[in-house]
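Architecture at a glance
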Amino acid sequence: MRLGSLLVALLLLVACTSGPPAREFDGQVAFGYLQQQVAFGPRIPGSGPHARMAAWLDSTLRGRADTVVVQAWDHVTARGDTLPLHNVIARFNPAATERVLFMAHWDTRPVSDNRTFKGDQTLPVPGANDGASGTAILIGMADALRQKPAKVGVDLLFVDGEDYGKFDAEPLDVLIGARYYGQHQLPGPKPLYAVLLDMVGDKDLRLLPENQSVLGAPEVVDLVWTVAKEIGHGDVFVNNIGTGPTLIDDHVELQKVGIRAIDVVDFEYGPGNSFWHTPDDTIDKVSARSLQIVGDVGMALIRKH
């Protein structure tokens, strides 16, 4: 090879290897998983879209995880309705005794009961953000773990029945899947910590530490927000303790059984939270970029072990 050709080849090599490293989590692919969920229709327990979503979730994860565990049971509501519910747990490196847990709910709310919503409150919620976003990120993380296994054990927990009942009047008809998981944990050691992803697809994503998380697992909050800053997402994961929301969410049920669980959630969805629990929770309100940011942080947490 002539000297000039050699220099050209070296310059091309430098050009190809310089710049930011390739991301292992693909936010655009995860957005496709979000679109697929919304295409099923509202995933209300007991409905056809819910059943189709359950089957799709099961088959999708079986092509990625080392082991898939399905927790299936019937839940009888305060009104006497029977709901067929399914938690799905995708396990990676299942023999590992040191484990971390990530979770999201995959069901959607049957009514649009946001007090600021002036339309028909009997309409179901599409759940592009509240339901599909966290689920899409977990499936995207499963893709990354399939390509490059983790040293630590990883459980991806998809819980059902989070959003069915009234949080203020029917406490047994909300957080149903998380409560069931807490009462029927898999054999082996508890996870080192658990991270709940809920409402994490908002185009205007801004994640403040949730106060129940700060109270119940402050060291996990610090870890997550520190890692986010380290990888360049400190502008979205804003570590202003005491300024975030205080929520009744799935992480609380895990805290009750001794799991160090926190909630990563953006509870300012639309002006005055006007898109939450309404028919306006649609695909145009969420973005692949937001999924990318949260997925990057999730994978960075796993790779720290």
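Structure report, in brief. Residue numbers restart at each chain and count upward from 1, following the sequence in its written direction. The model is predicted, so local features are restricted to residues of pLDDT at least 70 and side-chain atom pairs to those at 80 or more, both for listing and for counting; the totals for chains, interfaces and linings are taken over all residues. With hydrogens and water excluded, all non-hydrogen atoms of the structure serve as input to the side-chain values.

1. With respect to the packing of aromatic side chains
Filter applied, for reference: What counts as a ring pair is set by centres within 6.5 Å for rings of Phe, Tyr and Trp (its six-membered ring), and what kind of pair is set by the plane angle: stacked under 30 degrees, edge-to-face over 60, tilted for all other angles. Classification of residues uses two cut-offs on accessible area relative to the type maximum, computed with a 1.4 Å probe and protein chains only: under 20% is buried, over 50% is exposed, and between them is partly exposed. For a Lys NZ or an Arg CZ to count as sitting over a ring, it must be within 6 Å of the ring centre and within 35 degrees of the ring normal.
In the structure shown here, the tally under the stated rule is five aromatic pairs. With 5.4 Å between their ring centres and 85° between their planes, Tyr-269 and Phe-275 make a pair best called edge-to-face. Note on accessibility: Tyr-269 and Phe-275 belong to one class, buried. Stacked on the ring of Phe-275, the Lys or Arg Lys-285 has its end atom at 4.9 Å from the ring centre.

2. Some words on the sheet that holds strand S4 (residues 153-159)
Quick note on the threshold: Here, strands pair whenever DSSP counts at least two bridges between them. A helix here means a DSSP run of H or I that spans at least four residues, while a strand means a run of E at least two residues long, and both kinds are numbered starting from the N terminus. For helices, the axis comes from a line fit to the C-alpha atoms of the stretch in contact; other axes are also lines fit to C-alpha atoms, and the angle between any two N-to-C directions lies between 0 and 180 degrees. Contacts are assigned to residue pairs that have any heavy atoms within 4.5 Å of one another.
What the six strands build is an open sheet, ordered S1-S2-S4-S3-S5-S6; its pairing is mixed. Here the strands that pair on one side only, and so sit at the sheet edges, are strand S1 (67-76) and strand S6 (261-265). Strand-to-strand, the axes of this sheet are offset by a mean angle of 20°, without reference to chain direction. Pairing between strand S2 (residues 82-92) and S4: five bridges, direction antiparallel. Bridging across to S4, Phe-92 finds its partner in Val-154. Sheet strands touched by helix H4 (residues 132-147): S2, strand S3 (99-105), S4 and strand S5 (194-198). Its angle to S4, the strand with the most contacts, is close to 155°. Sheet strands touched by helix H7 (residues 218-230): S5 and S6. Its angle to S6, the strand with the most contacts, is close to 40°.

3. Re the environment of Val-69
Residue position: Val-69 is located in strand S1. For the pair Val-69 and Val-88, spaced 19 residues apart in the sequence, the C-alpha separation amounts to 5.9 Å. Excluding anything up to four places from it in sequence, Val-69 contacts Asn-87, Val-88, Ile-89, Arg-91 and Leu-186.

4. Notes on helix H9 (residues 288-303)
Note the cut-off: By this rule, a helix spans an expected 1.5 Å times one less than how many residues it contains.
With 16 residues, H9 should cover 22 Å at 1.5 Å per step; its first-to-last C-alpha distance of 22 Å lies within 8% of that length. Counting buried positions along H9 gives 14 out of 16 residues, so the element sits mostly inside the fold.

5. Looking at the pattern of salt bridges
Think of it this way: side chains of opposite charge can pair up when their charged atoms draw near. Basically, it comes down to this: Whenever a carboxyl oxygen of Asp or Glu lies within 4 Å of a side-chain nitrogen of Lys or Arg, that contact is scored as a salt bridge.
Enumeration according to the criterion identifies 14 salt bridges in this entry. With a shortest N-O distance of 2.8 Å, Glu-24 and Arg-303 are connected by a salt bridge. Taken as a pair, Glu-24 in the loop between helix H1 (3-17) and helix H2 (27-40) and Arg-303 in helix H9 lie far apart in primary sequence, 279 residues in all. Assessed through its relative accessible area of 37%, Glu-24 is described here as partly exposed.

6. Brief notes about the environment of Asp-143
Note on placement: Asp-143 falls in helix H4. Taking the C-alpha atoms as reference points, Asp-143 and Leu-61, separated by 82 residues in sequence, lie 9.1 Å from one another.

7. Regarding the packing of H2 against helix H3 (residues 48-62)
This is how the line gets drawn: Orientation labels follow simple angle bins: below 35 degrees gives roughly parallel, above 145 gives roughly antiparallel, 65 to 115 gives roughly perpendicular, and whatever is left gives oblique. Charged means Asp, Glu, Lys or Arg here, nonpolar means Ala, Val, Leu, Ile, Met, Phe, Trp, Tyr, Cys or Pro, and polar covers whatever is left, Gly included.
Where H2 contacts H3, the axes come no closer than 8 Å and their chain directions differ by 150°. Our classification of the angle between H2 and H3 gives roughly antiparallel. Here Tyr-33, Gln-36, Gln-37 and Phe-40 of H2 come into contact with H3, specifically with Pro-49, Arg-52, Met-53 and Trp-56. Taken together, the residues of the contact of H2 with H3 sort by class into five nonpolar, two polar and one charged.

8. Some thoughts on the side chain of Ser-133
By the secondary structure assignment, Ser-133 is in helix H4. Non-local contacts of Ser-133, meaning those with residues more than four positions away in its chain, are made with Leu-34, Ala-128, Met-199, Val-200, Gly-201 and Leu-291.

9. Considering the packing of H7 against H9
Where H7 contacts H9, the two axes come as close as 9 Å, and the packing angle between them is 110°. On the basis of their axis angle, the class for H7 and H9 is roughly perpendicular. Side by side, H7 and H9 meet where Leu-223, Val-224, Val-227 and Ala-228 of the first sit next to Val-297, Ala-300 and Leu-301 of the second. Residue composition of the contact of H7 with H9, grouped by class: seven nonpolar, no polar and no charged.

10. Side note on the nonpolar core
This is how the line gets drawn: Put simply, buried Ala, Val, Leu, Ile, Met, Phe, Trp, Tyr and Cys residues joined by side-chain atoms within 4.5 Å make one nonpolar core.
In terms of nonpolar packing, the biggest core is built from 68 residues, with Phe-102, Val-154, Leu-156, Val-224, Phe-237, Val-264 and Ile-302 touching the most fellow members. In contact with Phe-102, not counting residues within four places along its chain, are Leu-138, Met-141, Val-154, Asp-155, Leu-156, Leu-157, Val-195, Gly-298, Leu-301 and Ile-302. Formed by 13 residues, the second largest nonpolar core is a distinct cluster that contains Leu-157, Leu-186, Ala-194 and Ile-259.

All we've got here are geometric facts, nothing functional implied.
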